[in-house]
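Summary of the model geometry
So you can see what is in the structure, the chains are spelled out below.
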Amino acid sequence: MKRTSFKKKTYSEALQASVSKKKAVMVKLSKSPKKKAQRGNKPKKTPIKTLKNKLWKLCRDIVILRHGNTCYTTGQTNLSGTNLHCGHGKPKGALSLRYQYDIRNLRPQSYHANINLGGMSDIFIAKLEREKEGLEFLEEACVKIDGRWEIKRMETMGGTEAYFFIINKIQEYEEIHKDLLRMQ
């Protein structure tokens with residue numbers, strides 16, 4: 001039989017130890033957190049992540065209202081719920097902020113085409129080239145080298161410039177969204 005260095009406790013000893021641990025946790029939880037110093041009457045700025053999420057939701061809604069619920073790359077119809085994605089011709093992470101939320105680069109895609117097949121960018125880009133607004137986007141954000149569209153290197157946008165860019169895009173897309181809803 002193996003010997004352990006642990007002392008065997010009786011039920012009452014174990015219960016008493018458990019109660020004392022709970023009391024210690026309760027004391028820690030009951031202490032009120034320190035209050036942050038107030039900054040005066042300055043309005044609180046919305047975090048940029050929240051604004052980006054709002055902008056993405058607007059982009060998604062506009063793309064679905066404009067292009068319906070048919071997969072742009074595979075032609076699968078009647079997409080809905082988690083199977084209806086908003087795909088990019090050029091990957092969002094590789095684009096500068098100026099083009100990440102550009103609706104000329106977005107189309108509805110099925111989950112399978114967007115996630116499992118990596119967006120099927122070769123078919124996506126070929127179809128974008130045939131559309132007026134898609135070609136405009138590609139010519140603005142990319143350079144054609146050896147028959148391929150390579151993303152242009154651009155200055156990164158940050159701080160207040162990025163914040164106000166996103167705010168302006170939200171306002172612009174809210175107007176487009178309202179117009180599309182009126183037309184239906």
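Residues numbered from 1 in each chain as written. Predicted model: local features only at pLDDT ≥ 70, side-chain atom pairs only at ≥ 80, totals over all residues. Heavy atoms only, no water.

A few words now on the environment of Asn78. Inspection of the secondary structure assignment puts Asn78 in the loop between α2 (48–67) and β1 (84–88). Overall, the relative accessible area of 62% leaves Asn78 in the exposed class. (Helix = DSSP H or I, 4+ residues; strand = E, 2+ residues; numbered from the N terminus. Buried < 20%, exposed > 50% of the residue type's maximum accessible area, 1.4 Å probe, protein only.)

Bringing the packing of aromatic side chains into the picture now. One pass over the full model with this rule turns up 4 aromatic pairs. Residues Trp56 and Tyr101 carry aromatic rings whose centres are separated by 6.4 Å and whose planes lie at 65 degrees to one another, so their mutual orientation is edge-to-face. One end of the pair, Trp56, is in helix α2; the other, Tyr101, is in the loop between α3 (97–100) and β2 (106–110), with 45 residues separating them in the sequence. For Trp56, a relative accessible area of 22% translates into the label partly exposed. With centroids separated by 5.9 Å and ring planes inclined at 75 degrees, the aromatic side chains of Tyr99 and Phe137 adopt a geometry described as edge-to-face. With a gap of 38 residues between them, Tyr99 in helix α3 and Phe137 in helix α6 (residues 132–141) connect regions that are remote in the sequence. Each member of the pair Tyr99 and Phe137 is classed as buried. The positively charged end of Arg107 is found above the aromatic ring belonging to Tyr72, 5.5 Å away from the centroid. The ring of Tyr72 is capped by Lys127, whose NZ or CZ atom sits 5.4 Å from the centre of that ring. (Phe/Tyr/Trp six-rings, centres within 6.5 Å; stacked < 30°, edge-to-face > 60°. Lys NZ or Arg CZ within 6 Å of the ring centre and 35° of its normal.)

This part covers the pattern of salt bridges. One pass over the full model with this rule turns up 12 salt bridges. Its salt-bridge partner being Lys54, residue Glu174 comes within 3.5 Å of it at the nearest N-O pair. Separated by 120 residues along the polypeptide, Glu174 in helix α7 (residues 159–183) and Lys54 in helix α2 bring together distant segments of the chain. Taking the relative accessible area as the measure of exposure, Glu174 reaches 28% and is therefore partly exposed. (Salt bridge = Lys/Arg side-chain N within 4 Å of Asp/Glu carboxyl O.)

Nonpolar side chains in soluble globular proteins generally cluster together in the buried interior. In this structure, Leu55, Cys59, Leu97, Ile103, Ile166 and Tyr173 are the most contacted members of the largest nonpolar core, which totals 19 residues. Of all the secondary-structure elements, those providing two or more residues to this core are α2 and α7. For this core, the leading source of residues is α7, giving 7 residues. Setting aside its immediate chain neighbours within four residues, Leu55 contacts Tyr101, Ile166, Lys169, Ile170 and Tyr173. Among the nonpolar cores identified, the runner-up in size contains 11 residues, and Tyr72, Phe124, Ile125 and Leu128 belong to it. (Core = buried A, V, L, I, M, F, W, Y, C linked by side-chain atoms within 4.5 Å. Contact = heavy atoms within 4.5 Å.)

Before going further, it helps to examine α2. In this model α2 runs 28 Å from its N-terminal to its C-terminal C-alpha over 20 residues, within 8% of the 28 Å that 1.5 Å per residue would give. Where α2 is concerned, the buried positions are Leu51, Leu55, Leu58, Cys59, Ile62 and Val63. In a view along the axis of α2, the buried residues occupy a sector of 130 degrees, so they form one face of it. Among the exposed residues of α2, those pointing more than 90 degrees away from its buried face are Lys49 and Lys57. Lining the buried residues of α2 we find β1, β2 and α7. Gly68 lies just past α2 and shows a positive phi near 80 degrees. (Expected span 1.5 Å × (residues − 1). Arc of directions from axis to C-beta.)

On to α6, then. Among all positions of α6, only Gly134, Phe137, Leu138 and Ala141 are buried. Across the axial projection of α6, the buried residues extend over an arc of 95 degrees, all falling on one side. Contact partners of the buried residues in α6: α3, α5 (121–129), β3 (142–145) and β4 (148–151).

Distances and angles like these do not, on their own, reveal function.
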